[in-house]
Amino acid sequence: MSERERGLVSVVDAGAGSPDPRIERIARHVRGILTELGLDLADPNLTETDRRVAKLYLEMFHGLEEGAEPAITTFPNEERYSAMVIEKQIPFYSMCAHHLVPFYGHAHLAYIPNDTILGLSKFSRILEFYAKRPQLQERLTEQVANYLENKLAPQGVMVVVEARHLCVEMRGVKKSGAVTVTSAIRGIFHQKPVREEFLDLVRRSDV
Ligand SMILES: [Zn+2]
């Protein structure tokens, strides 16, 4: 997979053509913020910061770009597999929509198929697509669940997201290290035994 496919290279630098005009416009606003803070923009450490932040923002918010939605490979469920498919401990990084500072952690995604199964590498791509935008953990959790539900029409979906929020930790509202957990449940996962099987498999560290 190329860096561009993984979203590591923004559209900004990817082509040989002219640079994205948004870089200069965003950079101008960043300069305004730094100036308001009383910083000396002639400081060698700050001379390029405006443009670096602008490029970083376009990269971190790549999920907002038109065409950023990952191409999803699905397959017919020829074996009639009807148990749980779990992809757990998928790391992600996102930005809190309320404060524009990072929240990050892991997601555990599960579904039980009907007629369609998902290429295993796609779980993390879907998560990344929804993480790369100003986001709320609750909304991220729901959006990933909705996506799987709509694309696969499975018997059920469950998504659990565990994350640390720097807007909370850096401001000292809570003790550092607090983890926020959210979950979204669709279909058969509303049944307690199914949900418990998933949570049990997620907690196991020996797989
Ligand atoms: Zn926040």
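Being a predicted model, the structure only gives us computed values, none of them experimental.

**Here's the deal with the environment of Met-170**
And then number 1: If you trace the backbone, Met-170 turns up in the loop between helix 6 (166-169) and strand 7 (180-187).
And then number 2: Distance from Met-170 to Val-101, taken between C-alpha atoms, is 9.7 Å for residues 69 residues apart in sequence.

**A closer look at the coordination of the zinc ion**
And then number 1: Protein coordination at the zinc ion: the donors are Cys-96 (SG), His-99 (ND1) and Cys-167 (SG), at 2.1 to 2.3 Å from the metal.
And then number 2: Written as a sequence motif, the donor residues of the zinc ion are C-x2-H-x67-C. Of this pair, His-99 sits in the loop between strand 2 (85-96) and strand 3 (102-112) while Cys-167 sits in helix 6, placing them 68 residues apart in sequence.
And then number 3: Take His-99: its relative accessible area is 39%, and that puts it in the partly exposed class.

**Here's the deal with the layout of surface pockets**
And then number 1: Reported here for the second largest pocket is a volume of approximately 200 Å³.
And then number 2: Around the second largest pocket sit 15 residues that line it, and Glu-138, His-165, Cys-167, Val-168 and Thr-180 are the ones nearest its centre.
And then number 3: Secondary structure elements with two or more residues in the lining of the second largest pocket: helix 5 (137-152) and helix 6.
And then number 4: Among the elements that take part in the lining of the second largest pocket, helix 6 stands out by supplying three residues, more than any other.
And then number 5: Within the lining of the second largest pocket, the residues separate by chemical class into six nonpolar, six polar and three charged.

**Thoughts on the environment of Ser-183**
And then number 1: Along the chain, Ser-183 turns up in strand 7.
And then number 2: Ser-183 gets classed as partly exposed once you look at its relative accessible area, which sits at 42%.
And then number 3: Separated by 25 residues in sequence, Ser-183 and Met-158 place their C-alpha atoms 7.1 Å apart.

**Some words on the packing of helix 4 (residues 122-131) against helix 5**
A pair of packed helices can be characterised by two numbers: the angle between their axes and the separation between those axes.
And then number 1: Viewed as axis vectors pointing N to C, helix 4 and helix 5 meet at an angle of 135 degrees, and their least axial separation amounts to 10 Å. By the angle between their axes, helix 4 is oblique relative to helix 5. With respect to the hand of their crossing, helix 4 and helix 5 are arranged in right-handed fashion. The segment helix 4 lies against helix 5, with Ile-126, Leu-127, Tyr-130 and Ala-131 engaging Leu-140, Gln-143, Val-144, Tyr-147 and Leu-148.
And then number 2: A class-by-class count of the residues in the contact of helix 4 with helix 5 yields eight nonpolar, one polar and no charged.

**Observations concerning the sheet that holds strand 5 (residues 134-135)**
And then number 1: Spatial ordering of the open sheet is given by 5-2-3-6-7, a layout of five strands whose pairing is mixed. Edge positions in the sheet fall to strand 5 and strand 7, since each has one partner strand and no second.
And then number 2: The sheet contact formed by strand 2 and strand 5 spans two bridges and is parallel. Looking at strand 5, one finds that Met-95 is bridged to Pro-134.
And then number 3: Sitting on the sheet, helix 4 is in contact with strand 2, strand 3 and strand 5, with an inclination near 20 degrees to strand 2.

**Considerations on the nonpolar core**
And then number 1: Of all hydrophobic cores here, the largest spans 28 residues; its most connected members are Phe-92, Leu-109, Leu-140, Val-144 and Leu-148.
And then number 2: At the level of secondary structure, the elements contributing two or more residues to this core comprise strand 2, strand 3, helix 4, helix 5 and strand 6 (156-165).
And then number 3: Excluding anything up to four places from it in sequence, Leu-109 contacts Val-85, Ile-86, Glu-87, Ile-90, Phe-123, Val-144, Leu-148, Met-158, Val-159 and Phe-198.
And then number 4: Among the nonpolar cores identified, the runner-up in size contains nine residues, and Ala-110, Phe-189, Val-194 and Val-202 belong to it.

**Concerning helix 3 (residues 49-60)**
And then number 1: In this model, helix 3 (twelve residues) spans 16 Å end to end at C-alpha, consistent with the 16 Å of a helix rising 1.5 Å per residue.
And then number 2: The complete set of buried residues in helix 3 reads Thr-49, Asp-50, Ala-54 and Leu-58.

Procedures and definitions
- Residues numbered from 1 in each chain as written.
- Predicted model: local features only at pLDDT ≥ 70, side-chain atom pairs only at ≥ 80, totals over all residues.
- Heavy atoms only, no water.
- Helix = DSSP H or I, 4+ residues; strand = E, 2+ residues; numbered from the N terminus.
- Donors = N, O, S within 2.8 Å, 3.2 Å for Na, K, Ca; no water.
- Buried < 20%, exposed > 50% of the residue type's maximum accessible area, 1.4 Å probe, protein only.
- 1 Å grid on protein atoms, 1.4 Å probe; cavity = no way out; pocket = protein on both sides within 12 Å on 5 of 7 lines; lining within 4 Å.
- Points joined across faces, edges and corners; volume = space filled by probe spheres on them.
- Nonpolar A, V, L, I, M, F, W, Y, C, P; charged D, E, K, R; others polar.
- Axes fitted to C-alpha atoms, helices over the stretch in contact; angles between N-to-C directions.
- Parallel < 35°, antiparallel > 145°, perpendicular 65-115°, else oblique.
- Left-handed = near helix turned anticlockwise from the far one by under 90°.
- Contact = heavy atoms within 4.5 Å.
- Pairing = 2+ DSSP bridges.
- Core = buried A, V, L, I, M, F, W, Y, C linked by side-chain atoms within 4.5 Å.
- Expected span 1.5 Å × (residues − 1).

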